Amino acid sequence: MEFDRAELAHLREMRCLSEDACGHTIYAGLTRLESEEYFALMRPGGADRHEDEASGAHNARRARFLALHHRMRNAQLQAMARDQYAAMEAASTTLTSGSSEMVIARHRELVANNTKRLTAA
């Protein structure tokens, strides 16, 4: 998958991309092969009907695109929800006279848990 710099920055910021256990850039919630398929479908004309293509083949490709898109979007939303929860937890700790060391320790714990979750998938 070849992203231009602006596209890559945007997708990372929006939590759409992740890395697999081998360090390959993948779409969140998808395998490497699914990510490559989704990438191809996302490109201009990827999910559009091709000339001389039967409607059944087009519908199957469109259904596959939507299935991959929904899985990626669900993983993206889960990542954003985890980020928001961590930010609210840090604010709560700070507002209740918690130390910055407590916030940092909890952040490290959340990062470790997230790493375990991602490497187990």
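Coordinates for the structure precede this section.
Numbers given for residues are sequential positions, taken from 1 along each chain in its written order. pLDDT decides what is reported in this predicted model: residues at 70 or higher carry local features, side-chain atom pairs at 80 or more are listed and counted, and totals for whole chains, interfaces and linings draw on all residues regardless. Hydrogens are left out, water is left out, and the side-chain values use all remaining heavy atoms of the structure.

Asks: It is not clear to me how the overall build of the chain should be interpreted in this structure. Could you clarify?
Replies: Put simply, DSSP H or I for four residues or longer makes a helix, DSSP E for two residues or longer makes a strand, and each gets a number counted from the N terminus. Helix and strand content of the chain: four helices and two strands. Listed by position from the N terminus, the elements making up the chain come as α-β-β-α-α-α. For this analysis, residues touch if any pair of their heavy atoms sits within 4.5 Å. Considering only contacts within the chain whose residues lie at least 6 apart along the sequence, 46% involve residues at least 24 apart.

Asks: For this particular structure, what's the right way to read the nonpolar core?
Replies: Nonpolar side chains in soluble globular proteins generally cluster together in the buried interior. Here the nonpolar core consists of buried residues drawn from Ala, Val, Leu, Ile, Met, Phe, Trp, Tyr and Cys, with membership extended through side-chain atoms lying within 4.5 Å. Note on classification: 1.4 Å probe, protein chains only; a residue is buried when its accessible area is under 20% of the maximum for its type, exposed when over 50%, partly exposed between these limits. The biggest cluster of nonpolar side chains holds 12 residues, and these are Phe 3, Leu 11, Cys 16, Leu 17, Tyr 27, Leu 30, Tyr 38, Phe 39, Leu 41, Phe 65, Leu 68 and Met 72. Excluding residues that lie within four positions of it along the chain, Leu 17 makes contacts with Phe 3, Leu 8, Leu 11, Arg 12, Thr 25, Ile 26, Tyr 27 and Ala 28.

Asks: Looking at this structure, I do not really get the side chain of Ser 35. What am I missing?
Replies: Tracing the backbone shows Ser 35 in helix α2 (residues 32-42). With residues up to four places along the chain from it excluded, the contact list for Ser 35 reads Met 1, Ile 26, Tyr 27 and Leu 30.

Asks: Would you mind going over the side chain of Glu 34 with me for this structure?
Replies: Relative to the elements of secondary structure, Glu 34 occurs in helix α2. Relative accessible area serves as the criterion here: at 14%, Glu 34 is assigned to the buried category. Ignoring any residue separated from it by four or fewer positions in sequence, one finds Glu 34 in contact with Arg 64, Leu 68 and Arg 71.

Asks: Could you clarify how one ought to interpret the environment of Ser 18 in this entry?
Replies: Within the fold, Ser 18 resides in strand β1 (residues 17-19). Taking the C-alpha atoms as reference, Ser 18 lies 5.2 Å from Ala 28; in sequence the two are 10 residues apart. Those residues in contact with Ser 18, other than ones at most four positions away along the chain, are His 24, Thr 25, Ile 26 and Ala 28.

Asks: Looking at this structure, I do not really get the pattern of salt bridges. What am I missing?
Replies: The salt bridge definition used is simple: a Lys or Arg side-chain nitrogen within 4 Å of an Asp or Glu carboxyl oxygen. For the structure on display, the rule yields seven salt bridges. Glu 7 is paired through a salt bridge with Arg 43; the nearest N and O atoms lie 2.8 Å apart. Remark: Arg 43 occurs in the loop between α2 and α3 (55-95) and Glu 7 occurs in helix α1 (residues 5-13); sequence separation between them is 36 residues. With a closest N to O distance of 2.6 Å, Arg 15 and Asp 83 form a salt bridge. Linking Arg 15 in the loop between α1 and β1 with Asp 83 in helix α3, this pair joins segments that are 68 residues apart in sequence. We classify Arg 15 as partly exposed; its relative accessible area is 35%. Each of the salt bridges in this network shares a partner with another, and the network as a whole consists of Glu 89, Arg 106 and Glu 109.

Asks: When you look at α3 in this model, what are you seeing that I'm missing?
Replies: Helical geometry note: an α-helix holds 3.6 residues per turn, so side chains three or four residues apart project in the same direction. Residue count minus one, scaled by 1.5 Å, sets the expected span of a helix. Under the 1.5 Å per step criterion, the end-to-end length of α3 is 59 Å for 41 residues, consistent within 8% with the ideal 60 Å. Residues His 58, Arg 61, Phe 65, Leu 68, Met 72, Ala 75, Gln 76, Ala 79, Glu 89 and Thr 93 constitute the buried set of α3.

Asks: Can you help me understand the packing of aromatic side chains in this one?
Replies: Any aromatic ring pair is given by two values, namely how distant the centres are and how the planes are angled relative to each other. Centres within 6.5 Å are what make two rings of Phe, Tyr or Trp a pair, Trp counting through its six-membered ring; a difference in plane orientation under 30 degrees is then read as stacked, over 60 as edge-to-face, and the rest as tilted. This model, assessed by the stated rule, comprises four aromatic pairs. Ring centres of Phe 3 and Tyr 27 lie 6.0 Å apart, and the angle between their planes is 75°; on these two criteria the pair is classed as edge-to-face. Of this pair, Phe 3 sits in the segment before α1 while Tyr 27 sits in strand β2 (residues 25-27), and the two are 24 residues apart along the sequence. Taking 5.2 Å as the distance between ring centres and 85° as the angle between the ring planes, the aromatic pair formed by Phe 3 and Phe 39 counts as edge-to-face. Here Phe 3, found in the segment before α1, pairs with Phe 39, found in helix α2; they are 36 residues apart in sequence, far enough to count as distant. Neither Phe 3 nor Phe 39 differs from the other in exposure class; each is buried. Counting every residue linked through ring pairs, the aromatic cluster contains Phe 3, Tyr 27, Tyr 38, Phe 39 and Phe 65.

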